[in-house]
Amino acid sequence: MTRVASMALATAGALLLQGCAGWQSALDPKGPAASELAWLIWFFTGLSALVWVLVMIALVVPLMMRSRAQAEPLAIDAGADGRKLRVVMTAVGLTALILVGLTLLSFFANRTLAAIGSDASLTIRVTGHQWWWEVRYEDATPSRILTTANEIHIPAGEPVRLLLTSTDVIHSFWIPSLSGKLDLIPGHMNVLDLKADKPGVYRGQCAEFCGAQHANMGTFIIAEPRAKFDAWWNDQLQPAAAPTADEAKAGEELFLKRPCVMCHRIGGTPAGGTVAPDLTHLASRQTLAAGTLTMSRGNLAAWIADPQGIKPGSHMPVVELSGDELNAVVAYLEGLK
Amino acid sequence: MSSADLASERDLPPEREASVKGDIAPEHDGPRDTGMDDAGLHRWLTRTWRTPPGIIGALSSVDHKVIARRYLITAFVFLCLGGLNAVAMRIQLSGPQRGLIGPDLYNQLFTMHGVTMMFLFAVPIVQATGIYLVPLMVGTRNIAFPRLNAFSYWIYVSGGIFAWVSFALNMAPDVGWFAYVPLSGPEFAPGKRADVWAQMITYTEVSSLAVAVATIVTVFKQRAPGMSLDRIPLYVWAMLVTSFVVVFAMPAVMITSTFLILDRLVGTHIFNPAEGGDALLFQHLFWFFGHPEVYIIFLPATGMISAIIPVFARRPVFGHLGLVLSLIAVGFLSFGLWVHHMFATGLPKLGASFFTASSMMIAIPNGVQIFCWLATLWDGRPVIRTPLLFVFGFFFIFVIGGLTGVMLASVPLDLQVHDTYFVVAHFHYVLIGGSVFPLLGAAYFWFPKISGRMMSERLGRWHFWLAFIGFNAAFFPMHLVGLWGMPRRVYTYPAELGWGNINLFISAGAVVFFLSFVLFTFNLAHGALKGALAGDNPWDAGTLEWATSSPPPSYNFARIPIVTHGEPLWAEREALPVATGLRVDVRELLISTVAEAHPDIREKSATPSIWPLLAAIAVGGTFVYSIFTPWAVAWGAAPIAITLIGWFWPKGDPEDEE
C-alpha cells in the first residue's frame, strides 16, 4: 500500500510541475485574491496530508507489530481498552481543535477577500448568455458607456468591481489565476472584486453547467497599464471603421441585408441587434466565439460558414452565403479593428 | 390481537420474565412450534412461508430475501450501465478536442451517469442490503410491511427502465443530475428530457421511502427477545438512522421535482425570476435533500464496516456506544450543511460562514467512527481476508475524501474548487471510497450467506488491487486538473490548456477500474456456481444472520432466537436460547417492545400477493403519462384505486381473533 502511495505521489509531483505553467490555474496566482486562496489551498492540503499520514500510520503500524490473532473474541483486556479510550478521546479532541482553527482561518481569509474591492476604480457589468459573455463598462457619462464581449480589459494593479447577472440560465464567472468563482443568476446581481497585479492575459471559463456549449464559454481578462487601458477604452468608443476596399464594402452590404443584422450590433451602422455579441471592434479581439477559436481570417470564415460544426447547439445559425459572399463578409469583419 | 404467550425453552433472565404473558397456547389456535421436532417444524414452516411456485408465484413473492436479491441484481446492472456511461465519457475526454461524442450525447451521458449511480445504484443497493440483512440480524421471519416492500421494488425497477428507455430513445435528461433551473425549466429545456429527470426522481423516492418505513418498523418492533437497544448490531443502527434520514430528506426532493414539473407542464412560475419566482429556491430545496443523500449512501456503509471489522479483528467493536451516537449525530448534522453546495451563488458572507462551521462539525462524529474502528484493529493481528482488504481500501480512500471535504467546507477555498474536477475527485473519493469499497467488502462478506458458497479469495485479492489502483489512478489526478482550472461537465477542452496528458492518464485509470468490476462479476458467477460450500457461519461471526443456514430458509429461523449479548453467537457458543409459541400454520411474527425488546404480541405477516405488482404498474403508468398531461393524475387515480382495493381487500383471516 505504501509503495502504491509513493508511486502515486511521484506521479502527482511530476504532473504538478507540468500544470503550474498553465494560464488558467488556481495554483498560479496573479492577483491578491488568488494569492490568498492559493496560500489557503496549500495550507489546507499540507495539514490534510499530515492528518492522512497519521491515520495511515495508526492503521498500518499496529498491523505490522502484532503477530497473532485474538484467540477468544469476547476476552477483552479492560485495561487496554481504557488506554485506547484515552487515545481515541485525544484524537477526537485534536480533530475538533484543528477544525475550529480551519474554520477561523477560512473566516479571516474571507474578510481579506472582501476588503480587496473596497476602493474599486472601475465597475464592469458582466451578463452571461448561452454561450458568451456580454461586457459593459459603466461610466457616469452615458456616452462613455461601452459594450463589448468575452474579453474584459482592466487596468493592471487596480481593483475592479464586476457586477454579475444573467439573462437566461445560471453561469459562473471564474478566472482561476485572479479570483474564485461567482455565479451569474437571472434575477440576482452578484458582486465580484478582483485585481491583477501585473499586465497579462488571464483565461477563464464558465464554471456552472449551462447547456450544450458550456465547454466552449471562455473568457479573458486582459490587464494593461492604465494609459494603455484608457486608450483602449477610447478606441472602443469609436464607431466601426467604414470599409474602404470594394470587397469589404460589399461585405458590409451583405451583413446588413442578411440575418446577421438581426442579432449583432455594429456601432456606426444600422446593425443594432443585442442578443449576440457586439461586433463593432470584433477584429481587435484575440479570440472568436467566446474563446473557441483564435482570431484570424480563416477562423472567421470557418465560424460563419459552419457555426454548428464548431459549436454544436450554439445559437449562431448558418447563414447561406456563396464563396464570394463569405469572403466579402469576412473581409468586412476583419477590418473592424 | 392475541397477547404474547411465549414460553422459552430456557429460562429467561428474571427482568424479562415478567413480560412473557399468558400460558400455554390454546389448542384451537392452530399448531405451534412448542415442542415440535425439527423435521416437522421445517415442513410446517416451509409450507407456510415459501414463495409460491410458478411465474405468478414468483411475481407475488413478499419474502424479504427474494425481494432483496432482485434489488441487488437490478442495482448491480444499473451500476454496470452507469459505469459504461463513465467509460464513454472518459474516452471522449482522453485527449483535447476529441470528436467521438458531441455535446448533446455527452450531456445525456453525464446526467445519466449521475442519476443512475445516485438514484438507481447507490441508494437502492444500500437499502437492498438492508432489506436482506436487517430482518436476519434482528432475528425475525420477514420485514415489516412485506407487500409494501415488494411494491417498492416494482416501482424502483420501473423507474429505472423508464430512465434507460428514455436514454435509448435519445430523450434522456441532459441537465445534470441536480438539474438546476432555469436550465431545466420550460424555456431552456424544451422536449421531455428534463421531465424524465423529474419523474424518475419521483419513482425512486417513492420506492426508497417505502423501504425506509419498512426498515424502521422492523427494527423497532420485530427484534428478537432480549435485543435491547444496546444489543442492536451497528449495521442495524446504521440502517435505522439512514431510514430516518430518508424519511426527512426525500420529501424535499419530491417537492423540488414536482415544482419543476408544475413549471414545465402546468405553467406555474415557481422558479421563474421574470414572474416573481426564484431560481435559487430550487437549489435550496434540492440540496436540503442532496446533502443528506450523501449520508443515506454513506451511513449504511459505515454499518457494513462496523460489521466486518470485529469479525476479522476477532473482538467486539471498540466504542459501541460512541459509534451509535456518531451515527445519530451524523444523521442530524447532515441536514445542516446543504448551503456548502451553494457558496458560489453569492449568499451573504456571514450566513455562508455558519455553514462552514456546521460542515466542519460533521467531521467530528465521522472522526469518532474512524478512530473507534482503528482502535478495534489494534488488539491482535487481524485475519486479513478480502472483505477486510476492502475496508483497508476504505480507510485509504475515504480519509482523503473526508479531508478534501473539509477543504470544500471553507467558503473562500470552495470558490476556487467548486464545480471543477477537484469536486469530481472529492465526491468520488467519498462515495466510492466511503460506500462502494465497503459495499464490495460486504459483497465478499455476506455472499456466502446469500448464496451458500464462498467467493474465491485469490480472485478477490486480484480484484481488490485492480480496483484500488484503478480507482486512485483515475481519480487522484482529478484533484490536480481541477486546481489547474478544468471545470466539470465539459465535453471537450482546448489543447493549449495543457490538460491532455493528465486526462489520458485518468482515462487509463478509469478503464482499469472498470476492468476490476468485470473481474468482480466473474468472481460472483464463479462463486455462485463453483464456490466452496460455506456452512452457516464461515467467518465465525457473532451476529444473528449467521445463526441460520446459508442461504437462509424462507422462514429465516426455525425458532426465534433469544439474544443475551451484543454478539450473540460469540456469547452462546453451544446453542442460542430460543423462544417458542409461534404458530406454524400461518405467517406469524413475534412483536417486541421498542427499547427492551420484551416479547409483546404475536402478529400476522402478509402473505404473497400479486397486487403490489399491479399497483406498481398502475402507479408507474400514471407517472409516465403525467409528463405529458396533468390529467394523468385524474385518469391514473382509478386504476391505482382499484389495485389498492385489491391489495387491502379484507380476507376474513382470523388475524384479530381472541
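Numbering of residues starts from 1 in each chain and follows the order in which that chain's sequence is written. Each chain gets a letter, beginning with A, and each ligand a number, beginning with 1, in the order they are written. At least 70 in pLDDT is required for a residue's local features to be given in this predicted model, at least 80 for side-chain atom pairs to be given and counted, and no such filter applies to totals for whole chains, interfaces and linings, which use all residues.

Colleague: Go over the overall build of chain A, please, and point to the residues and values.
Modeller: Summing up its helical and strand segments, chain A has nine helices and 12 strands in all. Radius of gyration means the value over C-alpha atoms here, while the globule rule gives 2.2 Å times the residue count to the 0.38 power. Against the 2.2 N^0.38 benchmark of 20 Å for 337 residues, chain A shows a C-alpha radius of gyration of 28 Å, more extended than a compact globule. Overall size of chain A, expressed as C-alpha extent along the three principal axes, is 95 × 45 × 35 Å. To sort residues by exposure, count the other C-beta atoms lying within 10 Å of each residue's C-beta; 20 or more gives buried, 12 or fewer gives exposed, and values between give partly exposed, all with C-beta atoms placed from the backbone. Out of the 337 residues belonging to chain A, those deemed buried represent 41%. Runs of H or I in DSSP of at least four residues are treated as helices and runs of E of at least two as strands, each being numbered from the N terminus.

Colleague: Give me the nonpolar core: which residues, what numbers.
Modeller: Working definition: the nonpolar core is a set of buried Ala, Val, Leu, Ile, Met, Phe, Trp, Tyr and Cys residues, joined through C-beta atoms within 7 Å. Membership of the largest hydrophobic core comes to 302 residues, with the highest contact counts inside it found for Val236 and Ile308 of chain B. If you count residues domain by domain, this core takes at least three from each of domain 1 (19–67 + 74–115) and domain 2 (246–334) of chain A. In this description, any two residues whose backbone-derived C-beta atoms lie within 7 Å of each other are considered to be in contact. Excluding its chain neighbours within four sequence positions, the residues that come into contact with Ile308 of chain B are Pro387, Leu388, Val391, Gly441, Ala442 and Phe445 of chain B. As used throughout, domain bounds are those supplied by an automatic or database domain assignment.

Colleague: Before we move on, can you summarise the domain arrangement of chain A with the specific residues and values?
Modeller: A common way to state how big an interface is: give the accessible area lost once the parts meet. Partitioning chain A into structural domains gives domain 1 (19–67 + 74–115) and domain 2 (246–334). In this structure, domain 1 of chain A and domain 2 of chain A have C-alpha centres spaced 53 Å apart.

Colleague: Help me get a handle on unusual backbone geometry, residues and values and all.
Modeller: Cis rather than trans, the peptide bond between Gln130 of chain A and Trp131 of chain A has omega equal to -5°. Relative to the elements of secondary structure, Trp131 of chain A occurs in the loop between strand 1 (122–129) and strand 2 (132–137). Cis peptide bonds are those with omega within 30 degrees of zero, and the linkage from Val181 of chain B to Pro182 of chain B qualifies with 0°. Tracing the backbone shows Pro182 of chain B in the loop between helix 6 (146–168) and helix 7 (193–221). Within the chain, Ala290 of chain A stands out as a residue other than glycine whose phi angle is a positive 55°. By the element assignment, Ala290 of chain A lies in the loop between strand 11 (287–288) and strand 12 (293–294). When the 24 C-beta atoms within 10 Å are taken as the criterion, Ala290 of chain A is described as buried. The backbone of Arg314 of chain B shows a phi angle near 60°, a positive value even though the residue is not glycine. Residue Arg314 of chain B is classed as buried on the basis of its 22 C-beta neighbours within 10 Å.

Colleague: Break down the sheet that holds strand 1 of chain A for me, citing the residues and quoting the values.
Modeller: Residue and element names in this part refer to chain A. A pair of strands is treated as paired once DSSP finds two or more bridges between them. Here we have five strands laid out as an open sheet, ordered 3-2-1-5-8, and mixed in their pairing. This sheet does not close on itself; its edge strands, each paired only once, are strand 3 (146–149) and strand 8 (190–194). Neighbouring strand axes in the sheet, compared pairwise and without regard to direction, differ in orientation by 25° on average. Here five bridges tie strand 5 (residues 160–166) to strand 8, and the two strands are oriented antiparallel to one another. Residue Leu163 lies in a different strand from strand 8, and its bridge partner there is Val191. Here an angle of 0 to 180 degrees is reported between the N-to-C directions of two axes, which are lines fitted to C-alpha atoms, with helices fitted over the stretch in contact.

Colleague: Give a detailed account of the sheet that holds strand 10 (residues 218–224) of chain A, specifying residues and quantitative values.
Modeller: Residues and elements named next belong to chain A. Taken in spatial order, the three strands line up as 4-10-9 in an open sheet, and their pairing is mixed. If you trace the sheet from one side to the other, it starts and ends with strand 4 (151–155) and strand 9 (200–205), each paired once. Adjacent strand axes in the sheet meet at a mean angle of 20° when their direction is disregarded. Pairing of strand 9 with strand 10 involves six bridges; the strand directions are antiparallel. Paired with Gln205 across the two strands is Gly218, which belongs to strand 10.

Colleague: So, the interface of chain B and chain A: which residues are in play, and what are the values?
Modeller: Listed per partner, the contact involves 79 residues of chain B and 77 residues of chain A. Elements represented by at least two residues in the side of chain B that touches chain A include exactly helix 5 (103–138), helix 9 (279–313), helix 11 (349–361), helix 12 (363–376), helix 13 (386–409), helix 14 (411–417), helix 16 (457–483) and helix 18 (568–571) of chain B. The element contributing the most residues to the side of chain B that touches chain A is helix 12 of chain B, with nine residues.

Colleague: Summarise helix 17 (residues 500–530) of chain B; cite the residues concerned and give the values.
Modeller: A helix is expected to span 1.5 Å multiplied by its residue count minus one. The terminal C-alpha atoms of helix 17 of chain B, which comprises 31 residues, lie 45 Å apart, in line with the 45 Å expected from a rise of 1.5 Å per residue. All of the buried residues along helix 17 of chain B are Ile502, Asn503, Ile506, Gly509, Ala510, Phe513, Ser516, Phe520, Asn523 and Gly527 of chain B.

Colleague: I'd love a proper account of the packing of helix 16 of chain B against helix 17 of chain B, names of residues and values included.
Modeller: All names here are of chain B. The geometry of helix 16 relative to helix 17 is characterised by a closest axis approach of 8 Å and an angle of 155° between their N-to-C directions. With respect to helix 17, the axis of helix 16 lies roughly antiparallel. The handedness of the crossing between helix 16 and helix 17 comes out as left-handed. Residues of the contact of helix 16 with helix 17, tallied by class, amount to 22 nonpolar, seven polar and no charged. An angle below 35 degrees is treated as roughly parallel, one above 145 as roughly antiparallel, one from 65 to 115 as roughly perpendicular, and anything else as oblique. By convention the crossing between two helices is left-handed if the near helix lies anticlockwise of the far one by an angle smaller than a right angle, and right-handed if it lies clockwise. Just so you know the grouping, Ala, Val, Leu, Ile, Met, Phe, Trp, Tyr, Cys and Pro go in nonpolar, Asp, Glu, Lys and Arg go in charged, and all remaining residues, Gly too, go in polar.

Colleague: So what's going on with the environment of Leu59 of chain B? Which residues, and what values?
Modeller: All names here are of chain B. Its place among the elements puts Leu59 in helix 3 (residues 54–60). For the pair formed by Leu59 and Pro608, sequence separation is 549 residues and the distance between their alpha carbons is 8.8 Å. With residues near it in sequence (within four places) discarded, Leu59 still touches Ile610 and Leu613.

Colleague: Could you give an account of the environment of Ile124 of chain A, with specific residues and numbers?
Modeller: Residues and elements named next belong to chain A. Within the secondary structure layout, Ile124 lies in strand 1. What makes Ile124 buried here is the crowd of 20 C-beta atoms within 10 Å. In sequence terms Ile124 and Gly93 are 31 residues apart; their C-alpha atoms lie 47 Å from each other. Not counting residues within four places of it along the chain, the set of residues in contact with Ile124 comprises Val135, Arg136, Tyr137, Glu138, Ile152, Val160 and Leu162.

Colleague: So what's going on with helix 4 (residues 226–237) of chain A? Which residues, and what values?
Modeller: In a regular helix each residue adds 1.5 Å, so 12 residues correspond to 16 Å; helix 4 of chain A covers 17 Å between its end C-alpha atoms and thus fits that length. With zero of its 12 residues buried, helix 4 of chain A lies for the most part at the surface.

Colleague: An account of the packing of helix 4 (residues 64–93) of chain B against helix 17 of chain B is requested, with residue identities and associated values reported.
Modeller: Between two packed helices, both the angle of their axes relative to each other and the distance between the axes serve to describe the pair. Residue and element names in this part refer to chain B. Running from N to C, helix 4 and helix 17 point in directions that differ by 160°, and their axes come no closer than 9 Å. With respect to helix 17, the element helix 4 is oriented roughly antiparallel. Remark: the crossing between helix 4 and helix 17 carries left-handed chirality. Where helix 4 abuts helix 17, its residues Cys80, Gly83, Ala86, Val87, Arg90, Ile91 and Leu93 lie against Asn503, Ile506, Ser507, Ala510, Val511, Phe514 and Phe517.

Colleague: Which residues make up the pairing of strand 5 of chain A, and what values do they have?
Modeller: Residue and element names in this part refer to chain A. Of the two faces of strand 5, the one lined by Val160, Leu162, Leu164 and Ser166 is fully buried and the one lined by Arg161, Leu163 and Thr165 carries no buried residue. As defined by bridge partners, strand 1 adjoins strand 5 across seven bridges and the pair is classed as parallel. Along strand 5, the bridge assignment pairs Thr123 with Arg161.

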